[in-house]
Amino acid sequence: MTKDNDKHHNQHNHENHTHHNHDHNDHAEHKHDNHGDHDHHDHGDMVSEFKKRFYISLIVTIPILILSPMIQEFIGVDWRFTYDQYILFALSTFVFFYGGWPFLTGGISELKDKNPGMMTLIGLAILVAYGYSTLTVFGWEGSNFFWELATLIDIMLLGHWIEMRSIMGASNALEELVKLMPSEAHKLDENDEVHDVPVSELNNEDRVLVKPGEKVPVDGTIIDGKSALDESMLTGESVPVEKYKGDEVIGGSVNNEGSLTIHVEKTGEDSYLSQVITMVKEAQESKSKTQDLTNRAAKWLFYVALTAGFVTLFIWLMLGYSFDVALERMVTVMVITCPHALGLAAPLVVAVSTAISAKQGLLIRNRANFEGARNIDAVVFDKTGTLTKGEFGVTNIVPNKGYEEEEVLSWAASLEQNSEHPIASGIVESSKERNITLKKISDFESITGKGIEGTIQGKKVNVVSPGFVDNNNLEYDKEIFNEMSEEGKTVVFVLLEDELIGMIALADMVRETAKEAIATLKQHGIHSIMLTGDNEKVAYWVAKQLDIDEVYAEVLPDDKANQVKKIQEKGLKVAMTGDGINDAPALATADLGIAIGAGTDVAMETADAILVKSNPKDVVSLVELSKKTYRKMVQNLWWATGYNIFAIPLAAGVLAPIGVVLSPAVGAVLMSLSTIIVAINAKLLKA
């Protein structure tokens, strides 16, 4: 942005005109995100495994319910027959071992790690219920809990299945990306003959032909040909990007009109698309702090269950009740303390929010930092490419006496219409916005050091650099020129028949979405800060357009992270949004690092979240989704633990003196209800 104007426009010759090497290429190796196939299949197998265990256990639960004396009593029937309890025992044993196996093995491994959690708690509850009920079948005095054991296992299997399926949904949204990749490629041999081979057989250094209308099979560099490539499916950039020899291309993008020969550079897991899918996997596997909170809660409930169980047993015995009655109370307390709903509270919400964020084009790499986004006080934006488009647009037209703005723009755009140079594109785009009809051009030529020249309607027209104007001692308003230059604008001069008719200033255009994003952040009470290496005048010019609260200009790349630290030292929780390699340390330092999807792979690697569509407004979406996710988690934790707070004392028999004792049947119904409420509540999370 602060390049010397002379230098910029002196290079405005024919070669430059035809080589609009816009840095969209950096995304070639976005370390976005990739779910390795094998991993995904393992995950799929686990989902189908839980589904199978759930359905089989559910089917076996039906006769268990029918044979349970407690249920028969509850509905007022008597279907008892000889040896019915042994059949009940056999069916329950099957459900205990087949359906309960994942929880028993999970509990054992948690205990081995000396870190009891959710699985230990569930394992304890089903072990106690099964052990006690088995004793009652073989002569112990008391009621059996087989029906409760079976329904508990069913509910937990269902919960785990729902959770895993939700997470799969989020992955599947990204697995769709894999379908973007063609399965075959036209490989060129040493004699330039084409052989169709599977993409999986391509190696680095191979050459591949991509015909018009085809998808690019792998990431690589163009060694022959030029074309416009549609990368919208990959980067969210809706405009096809012009690519020339030496430019990088991304596998999965669509080649529009020209034939390209590509030198293969990244295959398999190194490719952009593969990396897009790995990142979501990382997001789903990274443990969220809130999830750890539920596991900690489960650990304490495990100790509470053991303590409450034994305390209940001793108190009932001390009160003179028989061991049978005291043991039944103890078992009821231990079974009820198992917070199935708590076990699902966080994972279900995480699963749903991951799916929502993936659909919105927000790729979350670090769950814990994403959940902390709800507390963000300030968002620091890198300027170029984040708040601005990284494309030239016309900001000022200064006509000389006797000429109108439209006239100056019309001559300049008519001359520039056949050029691909960023300055030319900006001028032509501006003329389209003003509905100016371009004049026919003949004899176009680029003159090194002068700019460009052409004949339009029989008149000689030039668009030249400030250097050319100074060398030819042409008169212009130096004060206005200096003012525009200091704002970091590139100024070109328009000559008609060697007479200076006006100046056109161009600058990196501010994204409209950036204005909206900053306005919305203000509504949320979030402070907006701009961090840039550009000079102060350029920075303040952009900041004024966007209404940004604070500006740090002329910041050296390696100092960006320090600036973020200084802001954090004020006690603010900081999110950093950037797209370049120079932003990477700052992204890593911030409480939440957000990479813009059109950025570099290094930025992607260090960020906690990625905005695939490169839209600054998505920063707001990210903060809002974080708040909603957290709110849902807290609601679910209350639904789950609130039930326990209420049920444990009742199960222990606190109200026994006035004749109120929570029966195991009612306990199980309450537990089932709290689990269902938690599952439904998680599903109600909306973007």
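Residues numbered from 1 in each chain as written. Predicted model: local features only at pLDDT ≥ 70, side-chain atom pairs only at ≥ 80, totals over all residues. Heavy atoms only, no water.

(A) Here's a closer look at the UniProt feature "transmembrane region" (unreviewed entry) in the protein. Within this structure's numbering, the places UniProt gives as "transmembrane region" (unreviewed entry) are residues 54–71, 86–104, 116–133, 145–162, 300–319, 331–358, 637–659 and 665–685. The span residues 54–71 shows a helical share of 94% and a strand share of 0%, and its end C-alpha atoms are spaced 21 Å apart. In residues 300–319, helix accounts for 95% and strand for 0%; the two terminal C-alpha atoms are 28 Å from one another. (UniProt positions renumbered as here; feature names shortened; annotations may be inferred. Helix = DSSP H or I, 4+ residues; strand = E, 2+ residues; numbered from the N terminus.)

(B) Main features of the pattern of salt bridges. Tallied over the entire structure, the rule returns twelve salt bridges. Its salt-bridge partner being Glu406, residue Arg434 comes within 3.6 Å of it at the nearest N-O pair. Here Arg434 is found in the loop between α17 (422–433) and β14 (441–447), whereas its partner Glu406 is found in helix α16 (residues 405–416), with 28 residues between them in sequence. A relative accessible area of 39% means that Glu406 is categorised as partly exposed. Two residues, Lys515 and Glu512, come together in a salt bridge whose shortest N-O distance is 3.7 Å. Taken together, the residues span about one helical turn, with Lys515 and Glu512 both in helix α20 (residues 512–523) at a distance of three residues. Lys515 gets classed as partly exposed once you look at its relative accessible area, which sits at 33%. Linked through salt bridges whose partners overlap, the residues forming this network are Glu405, Glu406 and Arg434. (Salt bridge = Lys/Arg side-chain N within 4 Å of Asp/Glu carboxyl O. Buried < 20%, exposed > 50% of the residue type's maximum accessible area, 1.4 Å probe, protein only.)

(C) A look at the sheet that holds strand β10 (residues 260–266). Here we have six strands laid out as an open sheet, ordered β3-β2-β4-β10-β5-β8, and antiparallel in their pairing. The open sheet has two edge strands with one neighbour each: β3 (194–198) and β8 (248–249). Here strand β5 (residues 219–224) pairs with β10 via five bridges, running antiparallel. Its bridge partner being in β10, Gly220 is matched across the sheet by Val264. (Pairing = 2+ DSSP bridges.)

(D) Structural detail: the confidence of the model for the protein. For the protein, the mean per-residue pLDDT works out to 80, and 81% of the residues sit at or above 70. Confidence drops under pLDDT 50 across residues 1–41; counting only partners more than four residues distant or on other chains, this segment forms 146 contacts. The low-confidence segment residues 235–239, where pLDDT is below 50, has 15 contacts with residues more than four positions distant or belonging to other chains. (pLDDT = per-residue confidence, 0-100. Contact = heavy atoms within 4.5 Å.)

(E) Structural detail: helix α7 (residues 118–137). Between its first and last C-alpha atoms α7 spans 29 Å; for 20 residues at 1.5 Å apiece the expected length is 28 Å, and the two agree. Gly139 lies just past α7 and shows a positive phi near 110 degrees. (Expected span 1.5 Å × (residues − 1).)

(F) The pairing of strand β17 (residues 490–496), seen in detail. Most of β17 is tucked away, with seven of its seven residues classed as buried. Going residue by residue along β17, you find Thr490, Val492, Val494 and Leu496 tucked away on one face and Val491, Phe493 and Leu495 tucked away on the opposite face as well. Sheet analysis places β17 next to strand β18 (residues 499–510), joined by seven bridges and oriented antiparallel. Residue pairing in the sheet places Val494 in a bridge with Gly502 of β18.

(G) The pairing of strand β16 (residues 459–464), seen in detail. In this sheet, β16 lies alongside strand β15 (residues 451–456) in antiparallel orientation, the contact comprising six bridges. The partner of Ile456 across the bridge, within β16, is Lys459. Connecting β15 to the antiparallel partner β16 that follows it, the hairpin turn spans two residues, and Gln457 within it adopts a positive phi of roughly 50 degrees. Across four bridges, the pairing between β16 and β17 is antiparallel. Its bridge partner being in β17, Val464 is matched across the sheet by Phe493.

(H) Broad picture of the packing of α7 against helix α12 (residues 323–337). Two numbers describe how α7 lies on α12: the axes approach to 8 Å, and their chain directions differ by 150 degrees. Regarding the angle of α7 to α12, the classification is roughly antiparallel. Every pair of crossing elements has a handedness; the one defined by α7 and α12 is left-handed. Taking contact as the criterion, the partners of Leu121, Leu124, Ala125, Val128, Ala129 and Tyr132 in α7 are, on α12, Asp324, Leu327, Glu328, Val331, Met334, Val335 and Thr337. Taken together, the residues of the contact of α7 with α12 break down into ten nonpolar, one polar and two charged. (Axes fitted to C-alpha atoms, helices over the stretch in contact; angles between N-to-C directions. Parallel < 35°, antiparallel > 145°, perpendicular 65-115°, else oblique. Left-handed = near helix turned anticlockwise from the far one by under 90°. Nonpolar A, V, L, I, M, F, W, Y, C, P; charged D, E, K, R; others polar.)

(I) A look at the packing of aromatic side chains. This structure, assessed with the given rule, holds 19 aromatic pairs. Each ring, one from Tyr132 and one from Phe145, has its centre 5.6 Å from the other, and the planes form 70 degrees; the classification is edge-to-face. Pair noted here: Tyr132 is in helix α7 and Phe145 is in the loop between α7 and α8 (146–178), with a separation of 13 residues, a long-range link. Of the two residues, Tyr132 and Phe145, both sit in the buried class. Taking 4.9 Å as the distance between ring centres and 65 degrees as the angle between the ring planes, the aromatic pair formed by Tyr476 and Phe493 counts as edge-to-face. Separated by 17 residues along the polypeptide, Tyr476 in the loop between α18 (466–471) and α19 (478–486) and Phe493 in strand β17 bring together distant segments of the chain. Put simply, the rings of Tyr83, Tyr86, Phe89, Phe96, Phe97, Tyr130, Phe138 and Phe146 pair up and form one aromatic cluster. The ring of Tyr98 carries the charged tip of Arg53 above its face, separated from the ring centre by 5.0 Å. (Phe/Tyr/Trp six-rings, centres within 6.5 Å; stacked < 30°, edge-to-face > 60°. Lys NZ or Arg CZ within 6 Å of the ring centre and 35° of its normal.)

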